Amino acid sequence: MEPQVPPFREAVRLAVEDATTRQHLYERLHRLAEHQRARWQEEETATLRAQATAMRQHVLAHLGELWTLAEVQATALGVEVVWAETAIQAVTQVQDALPKGANVAVIRGVIAEEVGLLSALAAEELTLLVADAGGYVTYLVGERPAHPVVPLAHLGERDVAELWRLYTGHQIPMTKEGCVQAIHAHLRAALSQPGVLLVSAHGIVAETGTPFLFDWEGNIATALQAATQVIVLLGLEQIVPTVDDVLLLAQIWARAALGEPDIPQILYLHPHATSQWRFIVVDNGRTEILAGEWRDVLRCVHCGACATVCPVVQEIGNHVYGLPYAGPVAAAWGPLRSPHTHRNLAWASTLCGACADVCPVGVPLPLLIARARAHVARRALWGRWARWLNRENISSGAKERHRGEGP
Ligand code: SF4
């Protein structure tokens, strides 16, 4: 089911009034920000950031060549590579590949959320299981993750245990460790059943044609072992040239997202003979963004660091943005993708620059958010002008007709 979020102003009002949720968010995000800050003070982090930024700039400048290579390599491994120009095409290509009644383990990620995949699949005759513990709980209750790496940042342990009892009928301990262990045990048992693995990957390596994922819970490996069919979704920008670039990305991503020196496990999805494999590469407006003044937003590797330190997100959370991206990214990207529906998001930022200070790949978020404001204002002005012109035309037409009717 697709999460239902009220219009932005109403969502903000509700979020501000919810003192308990605000407290949970504030504590979790501040704790995460402290870990992150400690890493950011290390000399090594500065070097890694510079290298990762250069790598992402290189990727955006050579997307065409990189994808040509990745497609050749993946096809040689027996993978079917298909391209989706729109969100609807992406969903259709997933639906076409899924057998009726299949068990589908889903690795939730930004691109799957962006195209509305889970809500589309919920209407089908399938058994869906979200593979990460936090993502699974948010899916059960019909919400998006509250943060890219802390999906349950808005809930306390008691809330999680109570929701689990409500949706599954099982009691679990009301401590953090108890909740985590019980949910993981449930997921691992379910994920070891054969079925389809539907993955929103962190990216694909062009030189080998293999997608990769950062796994810090260990569930993805379990699901991969049991998979009889694997479908991988990738955004057009989610590609890196070499395996060395994955190692670089893993280190900087871990520091930015989790405040850790490295990712516990990088999983490469090597196609093998016992499964059917399909990669779906999603454009959904990215080619247009790439050619314009918002191009740098596509450097984003969705680590969530900007949301962790954003003073607006720390107060009202990510849910109010109504988009699957981290708060400051949603403020820059939302009004660009949908200037009418998401126009208010451009003002959900203090432009303090905290987001840009922590971004591991140098996305100039305050500049992009300021451009989003200008974009929304320009469109509003054009809209008013067009309505005024229209009114003028109608009234002068009426005068003409009136004159023509004679006395
Ligand atoms: S803009 Fe930067 S900090 Fe924010 S999610 Fe993307 S990569 Fe991470």
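The shown structure was predicted, so the numbers you read here are calculated from the model rather than taken from an experiment.

Student: A description of the overall build of the protein chain should follow, citing residues and the corresponding values.
Tutor: Check the secondary structure of the protein chain and you find 18 helices and ten strands. What you see for the protein chain is a C-alpha radius of gyration of 23 Å, in line with the 22 Å of a compact globule of 407 residues. Projected onto its principal axes, the C-alpha positions of the protein chain cover 85 × 50 × 50 Å. Expressed as a percentage of its 407 residues, the buried residues of the protein chain come to 45%. The long-range fraction of contacts in the protein chain, counting pairs at least 24 apart against all pairs at least 6 apart in sequence, stands at 74%.

Student: Lay out the environment of Arg49 in plain terms, naming residues and giving numbers.
Tutor: The residue Arg49 is located in helix α3 (residues 43-61) in this model. Separated by 312 residues in the primary sequence, Arg49 and Val361 place their C-alpha atoms 6.1 Å from one another.

Student: Any chance you could break down the sheet that holds strand β3 (residues 127-130) for me, citing the residues and the numbers?
Tutor: The sheet built from six strands is open, its strands ordered β1-β10-β7-β4-β2-β3 with parallel pairing. The open sheet is flanked by β1 (80-84) and β3, the only strands paired with a single partner. Neighbour-to-neighbour, the strand axes of this sheet turn through a mean angle of 20°, independent of strand direction. With seven bridges joining them, strand β7 (residues 227-235) and strand β10 (residues 276-282) adopt parallel strand pairing. Bridge pairing in β10 links Val232 to Phe279.

Student: Explain the environment of Tyr167 to me, and be specific about the residues and the numbers.
Tutor: Position of Tyr167 relative to the elements: it lies in helix α9 (residues 157-168). Tyr167 sits in the partly exposed class, given 14 other C-beta atoms within 10 Å. With 103 residues separating them along the chain, Tyr167 and Gly64 place their C-alpha atoms 45 Å apart. Among all residues touching Tyr167, those that are not within four sequence positions of it are Leu140 and Val141.

Student: For the domain arrangement of the protein chain, give the residues involved together with the corresponding values.
Tutor: Looking at the protein chain, the domain boundaries give domain 1 (8-290) and domain 2 (296-387). Between domain 1 and domain 2, the contact holds 42 residues from the first and 30 residues from the second. By residue number, the principal contributor to the side of domain 1 that touches domain 2 is helix α2 (residues 19-40), which donates nine residues. Classifying every residue of the side of domain 1 that touches domain 2 gives 24 nonpolar, seven polar and eleven charged.

Student: So what's going on with the nonpolar core? Which residues, and what values?
Tutor: Nonpolar side chains in soluble globular proteins tend to be buried together. In this structure, Ala131, Val199, Trp253, Val282, Cys306 and Ala332 are the most contacted members of the largest nonpolar core, which totals 126 residues. Looking at this core element by element, the count peaks at eight residues for helix α12 (residues 243-258). Each of two domains, domain 1 (8-290) and domain 2 (296-387), supplies a minimum of three residues to this core. Setting aside residues up to four positions removed in sequence, Ala131 forms contacts with Ala105, Val106, Ile107, Leu187, Leu191, Asn219, Ile220 and Ala223.

Student: Tell me what's going on with the site of the ligand, and back it up with residues and numbers.
Tutor: Surveying the vicinity of the ligand reveals 16 residues, the closest of which are Cys300, Cys303, Ala305, Cys306 and Cys359. Per-class residue counts for the shell around the ligand are 14 nonpolar, two polar and no charged.

Student: Could you give an account of the sheet that holds strand β6 (residues 210-215), naming the residues involved and the relevant values?
Tutor: The sheet built from four strands is open, its strands ordered β8-β5-β6-β9 with mixed pairing. At either end of the open sheet lies a strand with only one pairing partner, and these are β8 (239-240) and β9 (265-268). Judged from the four bridges that link them, β6 and β9 form a sheet pairing that is antiparallel. When the bridges of β9 are listed, Phe214 appears paired with Ile266.

Student: Describe the packing of helix α10 (residues 176-191) against helix α11 (residues 219-226), and please don't skip the residues or the numbers.
Tutor: Interhelical geometry of α10 versus α11 gives an angle of 15° and a closest axis separation of 9 Å. In terms of orientation, α10 and α11 fall into the roughly parallel class. As for how α10 packs across α11, the hand of that crossing is right-handed. Where α10 abuts α11, its residues Leu187, Arg188 and Leu191 lie against Asn219, Thr222, Ala223 and Ala226. In the contact of α10 with α11, the residues fall into four nonpolar, two polar and one charged.

Student: How would you sum up unusual backbone geometry? Please name residues and give values.
Tutor: Phi is positive for Asn284, which is not a glycine, with a value near 45°. Phi is positive for Leu351, which is not a glycine, with a value near 55°. Relative to the helices and strands, Leu351 resides in the loop between α16 (327-337) and α17 (354-358).

Parameters and conventions
Residues numbered from 1 in each chain as written. Predicted model: local features only at pLDDT ≥ 70, side-chain atom pairs only at ≥ 80, totals over all residues. Helix = DSSP H or I, 4+ residues; strand = E, 2+ residues; numbered from the N terminus. Rg over C-alpha atoms; globule rule 2.2 N^0.38 Å. Buried ≥ 20, exposed ≤ 12 C-beta atoms within 10 Å, placed from the backbone. Contact = placed C-beta atoms within 7 Å. Pairing = 2+ DSSP bridges. Axes fitted to C-alpha atoms, helices over the stretch in contact; angles between N-to-C directions. Domains from an automatic or database assignment. Nonpolar A, V, L, I, M, F, W, Y, C, P; charged D, E, K, R; others polar. Core = buried A, V, L, I, M, F, W, Y, C linked by C-beta atoms within 7 Å. Near = placed C-beta within 6 Å. Parallel < 35°, antiparallel > 145°, perpendicular 65-115°, else oblique. Left-handed = near helix turned anticlockwise from the far one by under 90°.

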